[in-house]
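# Coordinate analysis (summary)
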Amino acid sequence: MNRLLLAAHPAAYRSRHGDELLACLAEAYPGRSWPPPREVATLARAGVQLRARDAVEDTARPGWLDGVHMAALVLAALALVPYLQDVWHWALRIDPGAHAIGFDFAGWYPWAEGPGTATRLLPYGLLPLIALAALLRGRPWLALPAVGAMLYAGATLGSSQPFGEEGMRGPGYYGLGAPLTAGDLVLSGTLFAACAVLALCRGGRLRRYSPRWLVPVVLAMAVAGSLHITSVGPLFQRGQFVLEVAALLAAWAATAATGDHRWLIPVTAFAFVRTQAVVVHPDWLVQSLPGLVVLLLLIMPLPALAIAARRRQERALPG
């Protein structure tokens with residue numbers, strides 16, 4: 001299990017110091033497959049800082065472009081979250097029964113027509129999944145049509161036959177309680193704008209992430225699909241909240257280590273999309289905190305990252 005901790009570190013560091021680090025952990029904590037939580041947090045933070053320094057030292061692309069790329073990845077993942085179960089059921093032809101997402105009747109199959117619901121050819125969740133996979137490989141021109149289809153589906157919600165008129169209306173849960181639907185065009189519109197900016201730049205300048213980043217996405221689909229865990233379930237909500245907090249802490253650690261502002265871009269996009277959902281639909285908060293508290297928690301990371309960057313830059317100045 002200790003090897004999982006090495007995944008947070010860059011590949012070059014793992015090849016040079018991986019065996020040494022594993023030996024130190026085995027000596028410090030004999031008989032344990034996993035170090036104490038404090039040691040786990042320290043190693044994870046060190047790995048994030050090393051990756052952040054590598055990203056800043058890479059001059060193949062400007063920092064703002066890297067930030068927009070990360071923002072597009074974050075928004076594509078957010079758009080996919082409420083439909084993890086739906087896509088898994090569609091791919092394996094599993095009848096979700098009473099666990100279907102917002103359908104008029106139980107026992108629904110994605111490729112069959114049922115009473116009161118028009119035939120749906122494809123699940124809506126395929127669109128953000130395609131966009132996420134394309135963006136991971138640095139191909140925004142492939143993500144752009146999928147995000148354009150998301151805009152079309154949202155603008156024609158209730159009459160768009162390719163993705164049906166159900167399964168998109170129920171509010172998806174976004175961590176602290178900012179529910180979004182496919183009909184809310186702010187998320188898809190912001191994602192489309194980010195993909196357009198990336199597509200206008202030369203694709204070769206974008207960072208290409210390993211396809212292994214899709215492994216946790218597939219695992220999340222498998223868990224949500226096999227256990228019928230929907231995005232409005234408390235277990236799903238708590239799990240996503242933990243992941244969001246971890247991502248914000250990673251952005252803070254990267255900013256504090258480098259003094260670079262690129263991680264402020266995805267955090268800003270993340271906060272903007274979710275904040276507008278709370279403001280527009282304050283009554284849609286699902287088992288969450290009061291709206292004002294949610295807004296403060298969404299906005300607070302922005303000045304925190306800016307302050308962390310400024311402090312790092314001040315320390316870097318010659319005395």
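Residues numbered from 1 in each chain as written. Predicted model: local features only at pLDDT ≥ 70, side-chain atom pairs only at ≥ 80, totals over all residues. Heavy atoms only, no water.

### Here's the deal with the overall build of the chain
Along the backbone of the chain there are 13 helices and 0 strands. Put simply, the chain runs from its N terminus to its C terminus through helices and strands in the order α-α-α-α-α-α-α-α-α-α-α-α-α. In the chain, which comprises 319 residues, the share counted as buried stands at 43%. Intrachain contacts of the chain at a sequence separation of at least 6 include 76% that bridge at least 24 residues. A total accessible area of about 15,800 Å² is found for the chain, and carbon and sulfur atoms account for 66% of it. (Helix = DSSP H or I, 4+ residues; strand = E, 2+ residues; numbered from the N terminus. Buried < 20%, exposed > 50% of the residue type's maximum accessible area, 1.4 Å probe, protein only. Contact = heavy atoms within 4.5 Å. Areas by Shrake-Rupley, 256 points an atom, 1.4 Å probe, with all protein chains shown as cover.)

### Structural notes on the packing of helix α4 (residues 63–80) against helix α6 (residues 126–136)
One can describe the packing of α4 onto α6 by two numbers: an axis separation of 8 Å at closest approach and a directional angle of 155°. With respect to α6, the element α4 is oriented roughly antiparallel. In this structure, α4 meets α6 at a crossing whose hand is left-handed. Where α4 abuts α6, its residues H69, A72, L73, A76, A77, A79 and L80 lie against P128, L129, L132, L135 and L136. (Axes fitted to C-alpha atoms, helices over the stretch in contact; angles between N-to-C directions. Parallel < 35°, antiparallel > 145°, perpendicular 65-115°, else oblique. Left-handed = near helix turned anticlockwise from the far one by under 90°.)

### Points about the packing of aromatic side chains
Pairs of aromatic rings are described using the distance from one ring centre to the other and the angle between the two planes. Going through the model one piece at a time under the given rule, you end up with 1 aromatic pair. The interplanar angle of 65° and the centroid separation of 5.1 Å between the aromatic rings of Y83 and Y124 together place this pair among those described as edge-to-face. Taken together, the residues Y83 in the loop between α4 and α5 (84–92) and Y124 in the loop between α5 and α6 connect sequence positions 41 residues apart. Residue classification places Y83 among the buried residues on the basis of a relative accessible area of 4%. Over the aromatic face of W263 sits the side chain of R262, whose NZ or CZ is 5.7 Å from the ring centroid. (Phe/Tyr/Trp six-rings, centres within 6.5 Å; stacked < 30°, edge-to-face > 60°. Lys NZ or Arg CZ within 6 Å of the ring centre and 35° of its normal.)

### Regarding the environment of Q49
Here Q49 lies in helix α3 (residues 37–57). Residue Q49 is classed as buried on the basis of its relative accessible area of 16%. With 208 residues separating them along the chain, Q49 and A257 place their C-alpha atoms 5.8 Å apart. Not counting the four nearest positions on each side in its chain, Q49 is found in contact with A253 and A257.

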